[in-house]
Each structure stands twice: as structure tokens, then as C-alpha cells.
Amino acid sequence: VVGWLPGWTPGMVDAFVDAARERNVGVQSIAPHFRRVPAPSGVLLGYAGSSPKQLGAAAALIGECLNVVAKAYLHRVPKRRWAPEDVSTDEMQRR
């Protein structure tokens, strides 16, 4: 799965990848997979072999990473913060 991050700089994407890595969430920049420069901003998110419970935990951690980058680069936390209780495991399975 690709998570596109329109308007993000390469530094913001790198900060997101680093924040995810610190939380043991495997994501990588999409940039090395493009021939054109500059590549669009985005990350590759893997989910194969993960249970719904693991995906829910990973989604919460990814939300934390988005907030970390927003706070560092935009100097504010977004008005709407994602929380794991926003989506139940059953609802995630239906999506």
C-alpha cells in the first residue's frame, strides 16, 4: 500500500520513516522507486501476514508518526488526531 503525502518535503518523509522505525513499524519512502526527480512524496506500507489486531496497533503508531512530523515541521499538532478507538477491529476487517 502506498500512503501518498502531497506537499511533503523529502525531509518530512524521512522524518516520518525515522519516527516509524523508532516504533518498529516498517515503512519506506516511495522515492527510490521512481525514475523521475523529484519523486512524489509518499511511503510504502506493508501489511502482509499481519492480523487485524496488529494492523490496528500499526495504524495507531502511524498516526503518532504523522503527528510527530506535523508538530516538528508545521509547529503544531493537527486539529484532528487519529486515535485507535476511532475504528474498531471489526470495522477495519470490513474495509
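Here the structure is shown first, and the text comes after it.
Residues numbered from 1 in each chain as written. Predicted model: local features only at pLDDT ≥ 70, side-chain atom pairs only at ≥ 80, totals over all residues. Heavy atoms only, no water.

Draft legend 1. View of helix α1 (residues 10-22). Here α1 is 13 residues long and its end C-alpha atoms lie 18 Å apart, about the 18 Å a rise of 1.5 Å per residue gives. By the burial criterion, the buried members of α1 are Met12, Val13, Phe16, Val17, Ala19 and Ala20. Buried residues of α1, seen end-on, are gathered within an arc of 160 degrees and therefore sit on one face of the element. Opposite the buried face of α1, at more than 90 degrees from it, the exposed residues are Pro10, Arg21 and Glu22. Where α1 is buried, its residues touch β2 (27-29), β3 (42-45) and α2 (52-74). Asparagine 24, located one to two residues past α1, shows a positive phi value of around 60 degrees. (Helix = DSSP H or I, 4+ residues; strand = E, 2+ residues; numbered from the N terminus. Expected span 1.5 Å × (residues − 1). Buried < 20%, exposed > 50% of the residue type's maximum accessible area, 1.4 Å probe, protein only. Arc of directions from axis to C-beta. Contact = heavy atoms within 4.5 Å.)

Draft legend 2. Expanded view of unusual backbone geometry. Proline 38 follows valine 37 through a cis peptide bond whose omega is 0 degrees. Structurally, proline 38 is set in the loop between β2 and β3. Unlike most non-glycine residues, asparagine 24 shows phi in positive territory, near 60 degrees. The residue asparagine 24 is located in the loop between α1 and β2 in this model.

Draft legend 3. Representation of the side chain of serine 29 in the model. Along the polypeptide, serine 29 turns up in strand β2. At 3.1 Å, the side chain of serine 29 forms a polar contact with the backbone nitrogen of alanine 31. Look past the residues within four positions of serine 29 in its chain and what remains in contact with it is Val13, Val17, Gly42 and Val43. (Polar contact = N/O pair within 3.5 Å; in protein donor to acceptor, adjacent residues only side chain to side chain.)

Draft legend 4. Just the pairing of β3, in detail. Here strand β1 (residues 2-4) pairs with β3 via three bridges, running antiparallel. Along β3, the bridge assignment pairs glycine 3 with valine 43. Sheet topology note: the β2/β3 ladder contains three bridges and is antiparallel. If you follow valine 27 over to β3, its bridge partner there is leucine 45. (Pairing = 2+ DSSP bridges.)

Draft legend 5. Looking closely at the sheet that holds β1. Taken in spatial order, the three strands of this open sheet run β1-β3-β2, and their pairing is antiparallel. In this open sheet, the two edge strands, each paired with only one partner strand, are β1 and β2. Taking each pair of neighbouring strands and ignoring which way they run, the sheet shows an average axis angle of 30 degrees. Strands β2 and β3 of the sheet are contacted by α1, whose axis makes an angle of about 160 degrees with β2. (Axes fitted to C-alpha atoms, helices over the stretch in contact; angles between N-to-C directions.)

Draft legend 6. Region of the structure containing the packing of aromatic side chains. Overall, the coordinates contain two aromatic pairs when judged by the stated rule. For the ring pair tryptophan 4 and phenylalanine 34, a centre distance of 6.3 Å and an interplane angle of 70 degrees mean the geometry is edge-to-face. Note that tryptophan 4 is positioned in strand β1 and phenylalanine 34 in the loop between β2 and β3, a separation of 30 residues in sequence. Given a relative accessible area of 47%, tryptophan 4 falls into the partly exposed group. Considering the side-chain rings of tryptophan 8 and phenylalanine 16, the 6.2 Å spacing of their centres and the 80 degrees angle between planes classify their relative orientation as edge-to-face. The burial state of tryptophan 8 is the same as that of phenylalanine 16; both residues are buried. (Phe/Tyr/Trp six-rings, centres within 6.5 Å; stacked < 30°, edge-to-face > 60°.)

So far we have only geometry, and geometry alone does not tell us how the molecule works.
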